[in-house]
Each structure stands twice: as C-alpha cells, then as structure tokens.
Amino acid sequence: MLDLTATGVSKLPSSIVNLEKLVHLLIGEFVKFPEGGISKMQALETLKQVRAFKQPIQFLQDFGKLQNLWKLNIDLTNNQEDTEDTKECMKAIASSLYELGTHNLRSLTIWNCDYSLLMEEWCPTPVGLQKLTTWQSTFPRVPDWMGSLVNLQQLRFDLERVRYEDLCILGGLPALLTLSLVGKEMSEGKLTVSGEMGFPMLRDFTYGMYPGLGIKMMFEAGSMPKLEKLRIDFTPATNGYLYSTGGLTGSGPYDFGIENLPSSLTTVVCECKSFDGDCTLEATRAALERAVSTHPSCPALDFSIY
C-alpha cells in the first residue's frame, strides 16, 4: 500500500508505474499521474481519489486496462470549458470505466458525474459490481441498465425526482442490501412503495427529500419484506400544515404506512432540517413517535435535528 493523502504531493514520478506489486494506491484529489504506463500496475486493486480532468489523456485511456482493480474512487469535476479536449477526456473516461466493468471492478464511487455518462448503456453491463456510490451528481432517472446489476449490494443515487418506475427497477435487484435515494425536487403526492416492487434482500433503506413538507412516502403491505433499518431525511412540515393535515394524530405528512413494514424492522432514523425560529420540531417529534408506535415490533426511533 502507498498512501499519499494529506501529504501535499501533487505529481507522481514516472517511476511510479514500476511498482508492479503495489496493491492499494491512495492519493489526494489534486495528484497528477505520469503520461503513460499505468497499465503496467496490474497488481492494483484499489485506486482512489483520482481527479480525472487533471490527468493526462494517456492515463485516462489506459486505466481501464487494470484487470485486477476492484475499487475505484473517481472525481469528474470539470472546471474547463466544453471544448474538443474535454469531450475527448470524457470519451476516454467512459471507455475506461466500461472496460473496467468487464474485468474485476466491484466498487465504484463517482463524484460530480455528468449524468450522460451513466445514463448511456454500459455494454457489456458491469454485472460484477457490488457497490455503486454517486456524490454531488443528480440524474433524471434510474438508467435501465442498472436493472442488470444482479450482484449489486450497496447503492447511493441522487435523482431529480424519485419515481415509481425507478423503484421498480431497483426493486428487481436480487442482491441489494443497502439503498440510499435522494430526491432533489418536490414530488406530487406521496410516493407509494408496494410489495410488488420486490426488494427481496433489502436491509437498510435511506430516503432523502429536498425540499419537502413531511414524509412524502407511503409503504403498502408487503413492501421491503426484510427491512431492518429505515432512514428518512426531510424538512418538517410548517405549523399550519401540520395541524391542517392531522399530523398530530398520526395522519397527514407523518403517516407513511410504517405499520405495513415487516416485523424485522428494528430502527427508524429521522433526520430533519431545522431553521432559525422553527417552532414545529416538538410537534414533528410527537407526530413521528405516534406514527412509529403503530408498528407491531415497536422499533426504536432516532430523531435528530441538523
């Protein structure tokens, strides 16, 4: 292992490619690789955190040849203008990612991803992928090819708006254990989660809503049959909205059908944003406690404010 994070190193020497037995390479996000030779480092299994658009084009074209790489963290922040050079870089990045998917890639974390990169079909689909995490990247929908990730166990994904069709694709993933979804736009009405969607192995589900009033989700009977932990990130309803919709009686913005979740549910984590002068927090807490108490297993409620 070679760990160069927090060292101030900004450029790797050309001789780095001669470390042919190096298994784990950890670098700072501003570190630049040499022009060529990365394909010689075939023992590499972990490579992070690569700032892609700071790398020479030869590196971007060649890192996909690392046949034993199983964990990659890559930052696609691009502060350059949309020129032919940047288009060539993006094409090389996409090609290398697709190539890694045919080898041993198991974990992929992407920062600041242009949505077009993942919305296109991966041919062939990286069926061996077990963990996919995106940060600071918002997508219009769940891409169809994601439904072919039969070995995927962990997924974090930001969407413009979480739709019923998105949940149907993800619910069909047979190995999915942990799912975190964030919706960036207000949904119309409550998003319904039904048993027909699947999620046969899901243990941990996180749903974030930005912005929103209350918990805009409704679980129906039989949904997520093995769920153990539910996390919900939301903005509390306004005081008037809370009372007018019956929020203090277990209905309205905090009625999300928790009683329909399986008996395996042990923990409900609710994280809500608080603003100066917010007078609804205690009412929100009380409404959530009442909602959670309707579940037959009486799961623990972890209510936190930030």
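Predicted model only: the values in this text are computed from it and were never measured. (Residues numbered from 1 in each chain as written. Predicted model: local features only at pLDDT ≥ 70, side-chain atom pairs only at ≥ 80, totals over all residues. Heavy atoms only, no water.)

## Some remarks on the overall build of the protein chain
Helix and strand content of the protein chain: six helices and 14 strands. For the protein chain, the proportion of its 306 residues judged to be buried stands at 48%. Within the protein chain, counting contacts between residues at least 6 apart in sequence, those at least 24 apart form 63% of the total. A total of about 13,600 Å² of accessible surface is found on the protein chain, and carbon and sulfur atoms cover 50% of it. (Helix = DSSP H or I, 4+ residues; strand = E, 2+ residues; numbered from the N terminus. Buried < 20%, exposed > 50% of the residue type's maximum accessible area, 1.4 Å probe, protein only. Contact = heavy atoms within 4.5 Å. Areas by Shrake-Rupley, 256 points an atom, 1.4 Å probe, with all protein chains shown as cover.)

## Considerations on the pattern of salt bridges
The full count for this structure, using the stated rule, is ten salt bridges. Two residues, Arg156 and Asp158, come together in a salt bridge whose shortest N-O distance is 2.8 Å. Like Asp158, Arg156 is buried. With a closest N to O distance of 3.7 Å, Lys184 and Asp158 form a salt bridge. Remark: Asp158 occurs in strand E7 (residues 154-159) and Lys184 occurs in the loop between strand E8 (178-183) and strand E9 (191-193); sequence separation between them is 26 residues. On the basis of relative accessibility, which here comes to 37%, the residue Lys184 falls in the partly exposed class. Given a relative accessible area of 3%, Asp158 falls into the buried group. Salt bridges linked by common partners bring Arg156, Asp158 and Lys184 together as one network. (Salt bridge = Lys/Arg side-chain N within 4 Å of Asp/Glu carboxyl O.)

## Description of helix H6 (residues 281-292)
Its twelve residues place the ends of H6 16 Å apart at the C-alpha level, agreeing with the 16 Å of an ideal helix rising 1.5 Å per residue. Listing the buried residues of H6 in full gives Leu281, Ala283, Thr284, Ala287, Leu288, Ala291 and Val292. Across the axial projection of H6, the buried residues extend over an arc of 165°, all falling on one side. (Expected span 1.5 Å × (residues − 1). Arc of directions from axis to C-beta.)

## Things to note about the environment of Gly28
Among the structural elements, Gly28 can be located in the loop between strand E2 (24-26) and strand E3 (46-51). Not counting residues within four places of it along the chain, the set of residues in contact with Gly28 comprises Leu4, Thr5 and Gln49.

## As for the confidence of the model for the protein chain
Per-residue confidence for the protein chain gives a mean pLDDT of 88; residues scoring 70 or more make up 90%. Across the protein chain, the element-wise mean pLDDT spans from 40 in helix H5 (residues 239-244) up to 98 in E2. (pLDDT = per-residue confidence, 0-100.)

## Quick notes on the nonpolar core
Leu72, Ile74, Leu108, Leu181, Phe205 and Leu230 are the most contacted members of the largest nonpolar core, which totals 87 residues. Considering every element that reaches this core, the biggest residue donor is helix H2 (residues 84-100), with seven residues. When residues of this core are assigned to domains, at least three fall in each of domain 1 (1-112) and domain 2 (155-241 + 250-305). Leu108 has contacts with Leu72, Ile74, Leu97, Trp122, Leu129, Lys131, Leu132 and Thr133, leaving out every residue within four places of it along the chain. (Core = buried A, V, L, I, M, F, W, Y, C linked by side-chain atoms within 4.5 Å. Domains from an automatic or database assignment.)

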